[in-house]
Each structure stands twice: as structure tokens, then as C-alpha cells.
Amino acid sequence: MKRKISILAIVMCLIFIVSCTEQPVKGTASSIFEMGNVKNIKITSNSCNVKEGVSNNSKTIDTLNKNEVCDVAGTIEDWYAVKLPTNEVGFVPTNQCTPIVPGKDTDTKPETKPDMMTPDSNVPDNMTDLTPGTTPQTTPGYTPGTTPGTAPGATPGVTPGIDDTTPDTTDRDTYTANSDSLTGQEQEMLNLINEARAQNNVPALKLDMELTNVARIKSQDMIDNNYFSHNSPTYGSPFDMMRDFGIEYVKAGENIAGNRSVQNAHDSLMNSPGHRKNILDPEFTHIGIGIKEGSQYGNIFTQMFISKPQ
């Protein structure tokens, strides 16, 4: 009898020790990308015959010169349907042109938009790591609708008694939904990304502040609505979100991560094939970075990449 009691006591003691031992929270990350609809093309060959149909044997109805820009009506196999100045629609082969996003660069202060602020939403999602093409699964021990470490009634990502509009002394500049400059953490991450691209002989990414503000909203949305996923209960997919905020692109991608430091988040992303591919993709030309403090991971990082050739 005494032996049974002693064994039971040992088991109970072990359970108590395990339950009281703080388990380290590891970071997590996920990546995704898609090709956008081509709206404009620029001719890359010295001259390009516009055909009446999708065949080299079709009648030529016009000839376009190198660097001419056309509106695209659609895509059929290896041909773009283009609108001509005469309002006719003809076809040009895709190997004689390249998709572009015409217009000025957006590395300037964005226009203030009333809907750029994150709307209130109580729709939770599951905190999980997401592999592209898979459905998020519930993480054991995580209760949807709650933020780990947040006291009842407290606002996620905000420390009670501290005004979050006042910059701290660690150069982690605060920001509103719209801003014309990066925070210290965001600039650090941009530097790390472009250093990695330089080491791999890939051109540096240009900063797009409009895209950065969208990335910030996405990070805050993940904190406010207690989820970790590319698909937002508020905005839908990152590509839906970009389009809704007026971001134009030929190709777009998103990396999201949860981690306590910029360097650790960057290292984690670079050690993952999917995330590394987005970071080093030579087709991407611009980036937006949004970092928000909160969640069980310490910080939520959103990197939005777009291809915007001109």
C-alpha cells in the first residue's frame, strides 16, 4: 500500500513540475504568392505584328514598335488580346512583350484613405503555421478568440497603463495606419532583405509605402482577430486586400512570421524554401513591411512583395 502511495506521489510531483515549467514559444512563418491579371504590356521586340487571330498565319492588322504600351483585354494561350488606338482588338505573342504596371512609382507619402484604418472584427481564426495550399488547423492548447498572455478586458497588443502613441527609447518608432516612413524594426528588416538579395546577385527591392501601410494593417488584423493565416477574416486573401487598397501588380507574394526579434524572424524565413523564394525572387521589384507588437510570438511580421515593372 505504501509503495502504491509513493508511486502516485512521484507521478503527481512530475505532473506538477511539467505543468509549472514555462515552455519557450517558438516562432512561426508562412508564405504565399500569385500572378495577377495582366492589364498592360510593353513591346520588347523591335517590331511586333498584331494579328487578327491567335495564329502567326492570321492576317496582320497593325504593327507595334519597341517600347510601345498597350492595354490588355485578355489572354488566350500564348497570346495577349490588345486594344489598338482604332478600338480594334488584335493579338500579339507573349514572347514579344512583357507585362508592366504603368504610372509613377509609389515610394512617396500615400494619400490618406478613410478605409485604411483596421475595422473592428470579432471573427477569430486558428493560430497555426500554414503551408501554401493547405487549410489552417487548430493548434493544441490554443482557444480561438483569445490572445495568449492577454488579461481579460485588455486590448491585444497594448500594455495597460502605457500610451502606445509615445515612441520608446529603443528606436521602435510608432505609427498610425498611414505613415510616410519606416519604423526602426521595419528598416532593419528591409536592410536584411536587401543584403540577402545582394549576396545572391538579385536587385534590391524598392520600398512601397502604400504597400507598407497595407502590410501594417494585416499584421494588426492578425493580432486583433487572433489568427495567423494568409486569409484574413476581415480582408480575405492578401491579394484581395492589395487590390481593395488599390495596389497594382503583375505578381505578388506575402510572407508572414511571428517572432520576438527581427533578426530571428529573418533567419527563420531565409531557412525556409518558400519564404526564401519570395525574398530572393528577381521578379519582385517592390516591398511593403509591417511589424506590430503582440501575440504569443512577441511580434507579427508581414512582408508583401509585388512585381511592378514599368
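Notes on the structure in this doc start here. For clarity, every value in this text was computed on a predicted model and none was experimentally measured.

## A look at the overall build of the protein chain
Point 1. If you tally the helices and strands in the protein chain, you get six helices and twelve strands.
Point 2. Here the protein chain holds 310 residues, and the buried ones make up 43% of them.
Point 3. Considering only contacts in the protein chain between residues 6 or more positions apart, those separated by 24 or more positions represent 69%.
Point 4. Carbon together with sulfur atoms contributes 51% to the accessible area of the protein chain, which is approximately 16,800 Å² in total.

## Quick word on the environment of Asp224
Point 1. Inspection of the secondary structure puts Asp224 in helix H3 (residues 209–224).
Point 2. Separated by 70 residues in sequence, Asp224 and Gly294 have C-alpha atoms that sit 9.0 Å apart.

## Overview of the pattern of salt bridges
Point 1. By the definition in use, this model includes six salt bridges.
Point 2. A salt bridge links Lys218 to Glu254; its shortest N-O distance comes to 3.1 Å. Pair noted here: Lys218 is in helix H3 and Glu254 is in strand E10 (residues 251–259), with a separation of 36 residues, a long-range link. Grouping residues by exposure puts Lys218 and Glu254 together as buried.
Point 3. The closest approach of N and O atoms between Lys251 and Asp281, which form a salt bridge, is 2.5 Å. With a gap of 30 residues between them, Lys251 in strand E10 and Asp281 in the loop between helix H6 (273–280) and strand E11 (286–293) connect regions that are remote in the sequence. When sorted by exposure, Lys251 lands in the same class as Asp281, which is buried.

## Overview of the nonpolar core
Point 1. Of all hydrophobic cores here, the largest spans 21 residues; its most connected members are Met189, Ile193, Ile279, Ile287, Ile289 and Phe301.
Point 2. Looking at this core, the elements with two or more residues in it are helix H2 (184–199), helix H5 (262–270), H6, E11 and strand E12 (299–307).
Point 3. Looking at this core, the element that brings in the most residues is H2, giving five residues.
Point 4. For Met189, the contacting residues outside a window of four places in its chain are Val262, Ala265, His266, Ile289, Ile291, Phe301 and Gln303.
Point 5. One finds Phe239, Phe245, Ile247 and Met304 within the second-largest nonpolar core, a separate group that totals 14 residues.

Rules used throughout
- Residues numbered from 1 in each chain as written.
- Predicted model: local features only at pLDDT ≥ 70, side-chain atom pairs only at ≥ 80, totals over all residues.
- Heavy atoms only, no water.
- Helix = DSSP H or I, 4+ residues; strand = E, 2+ residues; numbered from the N terminus.
- Buried < 20%, exposed > 50% of the residue type's maximum accessible area, 1.4 Å probe, protein only.
- Contact = heavy atoms within 4.5 Å.
- Areas by Shrake-Rupley, 256 points an atom, 1.4 Å probe, with all protein chains shown as cover.
- Salt bridge = Lys/Arg side-chain N within 4 Å of Asp/Glu carboxyl O.
- Core = buried A, V, L, I, M, F, W, Y, C linked by side-chain atoms within 4.5 Å.

Read these as geometric descriptors, not functional statements.
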